[in-house]
Amino acid sequence: MGVKIVVEVNGTAQSHEVEARTLLVQYLRDVVGLHGTNIGCDTSSCGACTVLLDGESVKSCTVLAAQADGRSVTTIEGLAEPDGTLHPVQSAFREHHALQCGYCTPGMVMAVVSLLKENPSPTESEVRLGLEGNLCRCTGYHNIVKAVLAVGATAGATAGATAGAGAAAEAGR
Amino acid sequence: MSILGNRVLRVEDPKLLTAGGTYVDDVELPGAVELCYVRSPHAHAGVVSIDTEAARRAPGVLDVLTAADLALAPIVQHLPGIPAEMARPFLAGDRVRFVGEAVAVVLAETRAEAADGAALVEVEYDPLPAVVALEHAASGETLLFPAAGSNVAARIAPAPAPSSAPGAAAPGAEGSIFDDCEVVVSERFVNQRLAPCPLEVRAAAAVLGEDGRLTHWSTSQTPFAVRQALAGALGVEEGKIRVIAPDVGGGFGAKNGDYPDELLVGVLAHRLGRPVRWCETRSESMLALGHGRAQQQTITLGGSRDGRLRAYRLEVVQDCGAYPLLASFLPHLTRAMASGTYDIERVEFESVSLVTTTAPVVAYRGAGRPEAAAAIERAVDRFAAEIGMDPAELRRRNLVGPQRFPFENPTGTVYDCGDYAAALERLLEASDYDSIRAEQAARRSCGETVELGIGLAVYVEITGAADLGGEWSAVEMLPDGTAVVRTGTSAHGQGHATAWSMLVSDALGIPIDAVRFVQSDTDLVARGVGTFGSRSLQTGGVAARQAAERVVELARELAGELLEADPADLVVDPGGGGIGVVGTPTARRSWAELAAAAAERGTPLRAEVDFTPPGGTFPFGAHLAVVEVDTETGGVRLVRLVAVDDAGRILNPLLADGQVHGGLAQGVAQALLEEFVYDAEGNPLTTTLADYLFVTAAELPSFESLRMETPTPRNPLGAKGIGESGTIGSTVAVQNAVVDALAGRGVRHLDMPLSPERVWQSLAATG
Ligand code: FES
Ligand code: FES
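Residues numbered from 1 in each chain as written. Chains lettered and ligands numbered in written order. Predicted model: local features only at pLDDT ≥ 70, side-chain atom pairs only at ≥ 80, totals over all residues. Heavy atoms only, no water.

## Quick look at the packing of aromatic side chains
Taken as a whole and judged by the stated rule, the model has 10 aromatic pairs over all chains. Arranged with centres 5.7 Å apart and planes meeting at 55°, the rings of Phe407 of chain B and Tyr415 of chain B form a pair that is tilted. One exposure class covers both Phe407 of chain B and Tyr415 of chain B, and it is buried. One aromatic cluster is present, formed by Phe405, Phe407, Tyr415, Tyr420, Phe618 and Phe620 of chain B through successive ring pairs. Positioned above the aromatic ring of Phe694 of chain B, the side-chain terminus of Arg137 of chain A is 4.5 Å from the ring centre. We note Arg535 of chain B situated over the ring of Phe532 of chain B; from NZ or CZ to the ring centre the distance is 5.3 Å. (Phe/Tyr/Trp six-rings, centres within 6.5 Å; stacked < 30°, edge-to-face > 60°. Buried < 20%, exposed > 50% of the residue type's maximum accessible area, 1.4 Å probe, protein only. Lys NZ or Arg CZ within 6 Å of the ring centre and 35° of its normal.)

Structural data, given as structure tokens:
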């Protein structure tokens, strides 16, 4: 009945035997013991469980643990540098007060990391559409969007410094 | 320089951003029994029999319990006037009264086994007629509690309202309050039922210690109330129970109350002597966590053709759901704020709270006040349309003037302070009202199919009502130079750790990270009420500040002795150096030295304060929404939301802004998207986050939020509540905007949520 899996979680190889029906989010929380990733629904609607699977964001309640076999997973616990330096998205969330109760936050941060990887300097409407699958009940999304745009503007400014003034002006919208 | 009033980043965030919070379901409890409830699929039915045999034989199942097995008395509600026959049982006995009501509980070794076991419990039901429509409930044709004799849970009788203008023509005994009104408008509004949807659902975990004391972790806004309810259910002293609300993932009023499925976790852990835990699924939560709003309102507003409002009547029918919990009381808050920011001579209010075969209704962000604001603000717009006056101008002519405070409104509520006209003018200017009106007219004149709508609301609400009690706080300086602040409030996202640390650090002159914040643990906090109704800063925050100030007094006395100086010459060093003689850096004792000396004498540097405010505070503001309505599809797009809010003196604008933003979003959500729907048979139709239109980032604009600060005289911080005002103004501002967009096409009123279908049908109907 059990399935043997080897998954790299936040840079550490984990090997376990799990039931075939075990979801990735259950595996991370109950087997690996990382409680940062939350569960907010049972219809894959809320995004609280978002993690990176081989660098791309997935709702970990929609993936079986067995499907993560041989792949790498990053959760909120693995995002900051080993020396504790926050990832730019984490810093921006704090600076812009993009979290209140914190329940959506781990999933939201991972979704943002993935969004910015695909689109380093998004517009406001791109951010809003890109985060449609991640629900937050506390912040009204205002400061989340602001935090993402701030990281995007920094990325844009850096790109602008090499590519010319145009990109920076674009990012400053 | 004081840190108070500054934008200070949150001390809560580093952990939440790197490891995530420690929510109830994250608490490690090895060997815990898992619970799963068997819930009724019927809205109303007799319970004929429950067959637990198959479930008991399922793998991992330890036991299956029904109401008969539990033998627990119903839960006592601490609200006046609710018929005793309507008390809520822990598990349904011979009758179920809403879909989702628990009839049995399965105990198993794992969560999956408990769920599998629950699916095997066979319950035989004898269906009874559902009671969903309030008219049906009022008729008494079908009774939920035959012993009570009616479906009425509570009533507020129409008392003749005192006139705010002495000498004004009192209506004759037979006359109506509208007798002298040239224009009278009347309309029925539905303030629809909502699912509060905190992102974390409910969970509980409990363990009986070897010392015979129970520890119960709860997703609660009010841990002391949970302790009281558990003690009542177990028949033990409160001191034998410790309730801890660790990180809680939002509550919005709904995690405030005695939920049987939560309390049973503690009860069973006590009985079994084994740890027990439970976490509901979202689909369960949609059914079993209390709902919000659910009022039907009939308004009548009268005045003169030149725009002077004179008389207002509000009749409320409150849907309580299956058991009268807080909802039965909500009309009192609606009544208190019925006339809002307007100077209306005569106001009549009456309400009836009815039980129906739906989920119980509880508090949800604003709890009774958004309903009051929605009624009067919609009514004012309706009146403005009737007399052909700009709604901003009609408001301007009728607002209570700034010189009138303290102001007693016709329903007897005494507002502390305010300047409603200033809020309105600020709003009109910031939003450039005249040019949006001009654009609206331009679009209309060239016949554009996408109409522009502008909606206003000038609101006032009540927070921190004194009859809900005060709060306790204690501050202690420790010999290592750090301070601990304990509070009876129970934050679940509001940022109290940051706010309270600011208050203490400012009083003691120590860095903010030298303050440790303790809340939500009944063993570590002496007493408390909790966090709801935007009450925390003006009660618990004030208590914390005063306790810190007393610690300073104690320390000055001590330092005076140690330094052989007059305490009157001693001041706190704002740089963290402790206490010393003004201008003499050498004559000083550090906090660590003072705390050590105090400890040696057996009189620690510790003070506690209970602060009860003399009355509630009345945050106010003005909100403006701009919407585009596509008259071909009925689609509504919120283009702008501009908010001017006054919550008195602001301690930390970062936190205040966050509260406003969240409130605004929930207001927009009610206006445009969200509704918890039951069909006529009482079947819930919006039981998942795929069906219930929880507002997302994509439906919202960035908000334009402005602040006014009129300090309240009712507490020394000058602070009013800010947790709910965003919702109270924005909901009806958005609703007014949509109706305004369609005013030229004959639409006079539309209920929320303003779905494309509803908008489109109204256009089809008006042709
Ligand atoms: S828990 Fe995965 S999307 Fe909600
Ligand atoms: S911060 Fe509470 S749900 Fe997003």
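## Here's the deal with the interface of chain B and chain A
Each partner contributes to the interface: chain B provides 55 residues, whereas chain A provides 43 residues. Taken together, both faces of the contact between chain B and chain A bury some 4000 Å²; the carbon and sulfur share is 56%. Its largest share of buried area at the contact with chain A, chain B owes to Leu17, Leu199 and Ala697 of chain B, together 18% of the area lost on that side. The residue Asp26 of chain B makes a salt bridge to Arg29 of chain A at a minimum N-O spacing of 2.7 Å. For the side of chain B that touches chain A, the secondary-structure elements that each account for two or more residues are α1 (13-18), α4 (111-119), α8 (282-288) and α17 (653-673) of chain B. Tallying contributions element by element places α17 of chain B first for the side of chain B that touches chain A, with 8 residues. Across the side of chain B that touches chain A, the residue classes break down as 29 nonpolar, 16 polar and 10 charged. (Contact = heavy atoms within 4.5 Å. Buried area = accessible area lost by both parts, 1.4 Å probe. Salt bridge = Lys/Arg side-chain N within 4 Å of Asp/Glu carboxyl O. Helix = DSSP H or I, 4+ residues; strand = E, 2+ residues; numbered from the N terminus. Nonpolar A, V, L, I, M, F, W, Y, C, P; charged D, E, K, R; others polar.)

## Focus: the domain arrangement of chain B
Along its sequence, chain B is organised into domain 1 (31-128), domain 2 (366-463 + 617-766) and domain 3 (465-611). The C-alpha centroid of domain 3 of chain B is placed 47 Å from the C-alpha centroid of domain 1 of chain B. (Domains from an automatic or database assignment.)

## What about empty space enclosed by the protein?
Residues and elements named next belong to chain B. In total, this model carries 6 cavities of 30 Å³ or more according to the counting rule given. Approximately 80 Å³ is the volume found for the largest cavity. Lining of the largest cavity is provided by Arg39, Arg88, Pro89, Phe90, Leu91, Ala92, Phe98, Gly100, Glu101, Ala102, Pro260 and Asp261. Estimates place the volume of the second largest cavity at around 50 Å³. Looking at the lining of the second largest cavity, the elements that each hand over two or more residues are β8 (183-194) and α10 (369-387). For the lining of the second largest cavity, the element with the most residues is β8, which contributes 3 residues. Among the residues making up the lining of the second largest cavity, the classes are represented as 4 nonpolar, 4 polar and 2 charged. (1 Å grid on protein atoms, 1.4 Å probe; cavity = no way out; pocket = protein on both sides within 12 Å on 5 of 7 lines; lining within 4 Å. Points joined across faces, edges and corners; volume = space filled by probe spheres on them.)

## Some details on unusual backbone geometry
Note: most peptide bonds trans; most residues except glycine with negative phi. All names here are of chain B. The omega torsion of the bond from Phe405 to Pro406 falls at -5°, within 30 degrees of zero and hence cis. With respect to the helices and strands, Pro406 occurs in the loop between α11 (391-398) and β16 (407-408). Note that the residue after Met752, namely Pro753, is joined by a cis bond; omega there is -5°. Note that Pro753 resides in the loop between α18 (725-741) and α19 (756-766). With phi around 60°, Ser520 is a residue other than glycine that occupies positive phi space. In this structure, Ser520 sits in the loop between β21 (515-518) and α15 (536-563). In the Ramachandran plot, Ser534 falls in the positive-phi region, its phi being about 55° despite a non-glycine side chain. Relative to the helices and strands, Ser534 is located in the loop between β21 and α15. Under the relative-accessibility criterion, Ser534 is labelled buried at 13%.

## Things to note about the environment of Gly488 of chain B
All names here are of chain B. Relative to the helices and strands, Gly488 resides in the loop between β20 (483-487) and α14 (496-508). Take Gly488: its relative accessible area is 2%, and that puts it in the buried class. Counting along the chain gives 234 residues from Gly488 to Ile722, while the straight-line C-alpha distance between them is 19 Å. In this structure Gly488 touches Glu471, Trp472, Val525, Arg527, Gly528, Val529 and Gly530, once residues within four positions along its chain are discounted.

## Digging into helix α6 (residues 223-234) of chain B
Residue and element names in this part refer to chain B. For α6, with 12 residues, the first-to-last C-alpha span of 16 Å sits near the 16 Å given by 1.5 Å per residue. Among the residues making up α6, those that are buried are Pro223, Phe224, Val226, Arg227, Ala229, Leu230, Ala231 and Leu234. On the buried face of α6, the contacting elements are β10 (214-218), β11 (241-244) and α7 (260-272). Two residues or fewer past α6, Gly235 is found with a positive phi of approximately 65°. (Expected span 1.5 Å × (residues − 1).)

## Observations concerning the confidence of the model for chain A
Scored by pLDDT, chain A comes out at a mean of 92, with 91% of its residues at no less than 70. Of the regions scoring below 50 in pLDDT, residues 163-173 of chain A engages in 10 contacts with residues more than four places distant in sequence or in other chains. (pLDDT = per-residue confidence, 0-100.)

## Quick notes on the pairing of β10 of chain B
Residues and elements named next belong to chain B. Counting buried positions over the 5 residues of β10 gives 5, a clear majority of the element. Sheet topology places strand β9 (residues 203-208) next to β10; 5 bridges connect them, and they run antiparallel. Bridging across to β10, Leu208 finds its partner in Leu214. What sits between β9 and β10 in their antiparallel hairpin is a turn of 5 residues, with Gly212 showing a positive phi close to 80°. Note on the crossover from β10 through α6 to β11: the handedness is right-handed. (Pairing = 2+ DSSP bridges. Right-handed = clockwise from strand over helix to strand, strands pointing away.)

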